[in-house]
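Survey of secondary and tertiary structure
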Amino acid sequence: MLKTDLHAGWTVRAAGGPVPPEIAASPLPAAVPGTVHTDLLAAGLIPDPYLEANEAALAWFHRTAWLYETTLTAAPAAPGERVDLVFDGLDTVATIEVDGAELGRTFNMHRGYRFDVRHLLRDGQIPLSVRFDSALEYAEQVQKQIGERPRPYPHPFNAVRKMACSFGWDWGPDLQTAGIWKPVRLERWRTARLASVRPLATRSQLTVHVAVERDSAAELTVEVVVGDRTSRVAVVGDDVTIDVDVPDAPLWWPVGHGDQPLVPVTVTLLAGEEKLDEHHSRVGFRDVHLDETPDADGSRFTLSVNGKEIFVLGLNWIPEDHLLTRITRADLSAAVDRAIRGNANLLRIWGGGIWETDDFYDVCDEKGVLVWQDFPLACAAYAEEEPIRSEILAEARENVTRLAPHPSLILWNGGNENIWGHEDWQWKEALQGATWGARYYYEDFPALLAELDPTRPYHPGSPSSPGHDPSVVHPNDDRYGTRHEWEAWNRQDYTFHDNFVPRFCSEFGWQAPPAWSTLTSTLAPEDLRKDSPAFLLHQKAEDGNGKLDRGLAHHMPVPEDFSAWHWATQLNQARATTYAINHLRGHAPRTMGSILWQLNDCWPVTSWAVVDGAGRLKPAWYALRRAYAPRVLTFQKQQLVAINDSDEPWRGTVTLRRVRFDGTGLAATTADLDVPARAVARLDLDPSLLAAAEIDQEVLVADADGLRATHLFAEDYDLRYDPAAVRAHTVATEGGYSITVTAASFARDVAVLADRVAPDAVVDDMLVDLLPGETRTFTVTTAATVDLEAFSAPEVLRSANSLSLPAAENRGNPVEDLPAKVG
């Protein structure tokens, strides 16, 4: 097998549609892999779509066509030689020609394509072109052919196999990319090649499924080498399965539960002793199980690895950059590291994005992050007829085969909110009996996985109540399966989580704007207000700012000043994150999973992410890290809850105090902590701790082993915070600065917003509660040299206290009945 990349010498030019004359005038160099957007950006022909209001200015792109061209210089095929032109990914509606002859047409960015071109090769240069037509116009044509089906947004993204959020989402831009987005190459081979290799590892066995493509009837052998074991099997027909027992295999564990040894696997295709083709991969030996046993509360939804139950501390994942071809392995590694530093152990690949890349999965394999992979079907009804059906099944087969070797992959999920949508979003009336995807979720995907990957569990949809008719038991019933909690954000308050104890919550979250430096590098100074058109273009949620304000008004004043509003909304996101996660973790083992919406953003936007589109950590990330810590103290319903998600018992003493904001002690006691490994304990509180006489200036505090929990007896708008409760002293250190903050009165949620001093500055901790006389030293890492006093500026040294206003102001607004968030 000889592989030759075809990534050099490409150009791209407009081939149709409303392309501006200055862009349509001539071809320009094209990067492959790449997209037209990134080529136009590199040439300086379009503005950055992530900045200001540029996204709207590029809407002309949606109905354009583009032609990629290069020349091949390849020797003619020798006798008995096969030559294939291989595209790993084309985005999306493409026509491929070689030397003027049409090879094929494609309509799916989620799969690869292979064309036999041996009859087209000759001496000299051979023209190769790929024309991309508008995916939007193609989807509109398909919709006319098979009938319109419900979806949450105007564009018919459910009628074409393209990344759904490429057409816009409630956190993402509407750019609709086009291009050769994955590698392209020539492959020259003789006799036979490895068409697919699928190693499936369990705790002590490796099973390798091999499919070959033949160009002759020669006798073939497959050799498998795993560690120090070698097996050879003759190929009868076009398929062979090799079982290798590895009784002493090192076990692969998720992060926080053990190590992640990866064992190389080499599969070689032989004709006699001639090596025809070779495949390299790595596997991790482990077992995966999903317990859905009925119990008194409904049925469990508990994942286990190697027989050990895992409480899932998860984050939903969207593409790291909307312009997918800019994402590097280093970007993915950094993003996964941010999840791990936030104490997460699982990433859910959401169904409106892509089948994630091998680089992503390799990183997760190495770092021990579990992966939940949605089939890419989200928030819409999907036709079960052609031309959609065969494309969905072909991409599923290809990607299940590709991803199955990865030990980090723990669960396949049929799609996102499609079963829920069919029950609750008025789809049935709109469909009038038309297909909507049920066959995929309940028949096709389970059958495909039974064939290709019986080693992992399958869930028909998130949310869903497996084993129950959705019209009888609601897909979002908290007694079964998975639940998405969006009522809190959309219509209620984050305290609404108290009304449900789900078996597994796979989506919930709260919005906030990005970091200040991200905002100021995205918007012009005059647009730094929440009602500016440019700011609102980067707020995609339905009535997003209204929900932010109503969410604030439940707890604190709604500031008029934009800078204060920015901090208040970020703080409220952090509190909502803490509240929801503590609720879920506090109800283990009934609840055994929490997957926050969401880790990351794909551009600068107000969203539910805890890490913004520039990779900056929002305050909510620090709240997440604390809430996902192995050990947590939290007050819930007049109890102290101690969460111990470690392998060792948690024994010690907790000190409990009720104090005035000025530090005066009012009541105190101690209690013994004795929490078994991977367990939760609840301690009833002494009545004196709860008997607050002045609810506007008292706080309940619990301290144990360096952890602290606080409880206020009233909402912020009624509390008598000292707005100037803290002062700071800053010194320069190697690689940054050390800021020591001292409290003169109770200070809640103390934070140093370091990026407001220098865009690259990162603080080590945030959202710290201090009693009078206490200090906390924050470490800021930055390459910048700044004025030491900058860290004491009121817009940098923040707390809940700094938002205090007279109680009569901004007490709250009625909550309107609004559409649900589409996750």
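These remarks concern the structure in this document.

So, on to the nonpolar core. Nonpolar side chains in soluble globular proteins generally cluster together in the buried interior. In terms of nonpolar packing, the biggest core is built from 156 residues, with Trp169, Leu347 and Phe360 touching the most fellow members. Looking at this core element by element, the count peaks at 11 residues for helix H15 (residues 562–585). The residues contacting Phe360, other than those within four sequence positions of it, are Trp317, Leu332, Val336, Leu347, Ile349 and Val371. Judged by nonpolar contacts, the second largest core, of 40 residues, contains Leu6, Val19, Tyr68 and Phe87.

What follows concerns the sheet that holds strand S5 (residues 81–87). Each strand in a sheet pairs with its neighbour through backbone hydrogen bonds, running either in the same direction (parallel) or in the opposite one (antiparallel). Pairing within the open sheet is antiparallel, and its four strands lie in the order S1-S10-S5-S8. Sheet topology places strand S1 (2–5) and strand S8 (113–116) at the edges, where each strand pairs with a single neighbour. Here the strands of the sheet are splayed against their neighbours by 25° on average, with no regard to which way each runs. Bridging between S1 and strand S10 (residues 184–190) involves four bridges; their strand directions are antiparallel. What sits directly across from Thr4, in S10, is Leu186.

Interhelical geometry of helix H14 (residues 544–553) versus H15 gives an angle of 75° and a closest axis separation of 10 Å. Compared by their axis directions, H14 and H15 come out roughly perpendicular. Residues Asn545, Leu548, Asp549, Gly551 and Leu552 of H14 touch H15, and the partners they reach there are Trp565, Ala568, Thr569 and Asn572. Here the contact of H14 with H15 is built from residues that sort into four nonpolar, four polar and one charged.

This part covers the environment of Lys275. Along the chain, the position of Lys275 falls in strand S17 (residues 274–283). Residue Lys275 is classed as exposed on the basis of its relative accessible area of 51%. It is 43 Å that separates the C-alpha atoms of Lys275 and Cys165, two residues lying 110 residues apart in sequence.

Moving on, we get to the environment of Leu537. Tracing the backbone through its elements, the reader meets Leu537 in helix H13 (residues 533–537). In this structure the C-alpha to C-alpha distance between Leu537 and Val605, which are 68 residues apart in sequence, comes to 8.4 Å. Excluding its chain neighbours within four sequence positions, the residues that come into contact with Leu537 are Glu52, Ala53, Glu55, Ala56 and Trp603.

Read from one edge to the other, the open sheet built from three strands follows the order S11-S12-S15, with strand pairing classed as antiparallel. Of all strands in the sheet, those bounded by a partner on one side alone are strand S11 (192–201) and strand S15 (239–245). Averaged over neighbouring strand pairs, the angle between their axes works out to 20° when direction is ignored. Note: S11 against strand S12 (residues 205–214), nine bridges, orientation antiparallel. Along S12, the bridge assignment pairs Leu194 with Val212.

A few words on the packing of H15 against helix H16 (residues 619–627). At a closest axis distance of 8 Å, the pairing of H15 and H16 adopts a crossing angle of 20°. One way to sum up the angle between H15 and H16 is to call them roughly parallel. In the crossing of H15 with H16, the sense of the turn from one axis to the other is right-handed. In contact with Trp567, Gln570, Gln573, Ala574, Thr577, Thr578, Ile581, Asn582 and Arg585 of H15, H16 contributes Pro619, Ala620, Ala623, Leu624 and Ala627. Of the residues contributing to the contact of H15 with H16, the split by class is eight nonpolar, five polar and one charged.

On to the pairing of strand S39 (residues 736–743). Judged by how many residues are buried, S39 sits mostly within the fold: seven of eight residues are covered. As paired strands, strand S38 (residues 726–733) and S39 are joined by eight bridges and run antiparallel to one another. Its bridge partner being in S39, Val731 is matched across the sheet by Ser738. Between S38 and S39, which pair antiparallel and follow one another directly, the connecting turn spans two residues, one of which, Gly735, has a positive phi of 85°. Strand direction decides the pairing type here: S39 and strand S43 (residues 775–781), joined by seven bridges, are antiparallel. Bridging from a neighbouring strand, Thr740 pairs with Thr777 of S43.

As a further point, take the pattern of salt bridges. This model, assessed by the stated rule, comprises 73 salt bridges. Between Glu137 and Arg63 there is a salt bridge, with the nearest N and O atoms lying 3.8 Å from each other. With a gap of 74 residues between them, Glu137 in helix H4 (residues 135–146) and Arg63 in the loop between helix H3 (54–57) and strand S4 (65–73) connect regions that are remote in the sequence. Note on Arg63: relative accessible area 34%, which makes it partly exposed. The salt bridge partner of Asp645 is Arg678, with a shortest N-O separation of 2.8 Å. Taken as a pair, Asp645 in the loop between strand S32 (639–644) and strand S33 (650–660) and Arg678 in the loop between strand S34 (665–675) and strand S35 (679–684) lie far apart in primary sequence, 33 residues in all. On the basis of relative accessibility, which here comes to 14%, the residue Asp645 falls in the buried class. Salt bridges here are not isolated pairs; linked through shared partners, they connect Arg82, Asp84, Asp88, Arg114, Asp116, Arg118, Arg185, Glu187, Arg193, Glu213 and Asp215.

Definitions and limits used
- Residues numbered from 1 in each chain as written.
- Predicted model: local features only at pLDDT ≥ 70, side-chain atom pairs only at ≥ 80, totals over all residues.
- Heavy atoms only, no water.
- Core = buried A, V, L, I, M, F, W, Y, C linked by side-chain atoms within 4.5 Å.
- Buried < 20%, exposed > 50% of the residue type's maximum accessible area, 1.4 Å probe, protein only.
- Helix = DSSP H or I, 4+ residues; strand = E, 2+ residues; numbered from the N terminus.
- Contact = heavy atoms within 4.5 Å.
- Pairing = 2+ DSSP bridges.
- Axes fitted to C-alpha atoms, helices over the stretch in contact; angles between N-to-C directions.
- Parallel < 35°, antiparallel > 145°, perpendicular 65-115°, else oblique.
- Nonpolar A, V, L, I, M, F, W, Y, C, P; charged D, E, K, R; others polar.
- Left-handed = near helix turned anticlockwise from the far one by under 90°.
- Salt bridge = Lys/Arg side-chain N within 4 Å of Asp/Glu carboxyl O.

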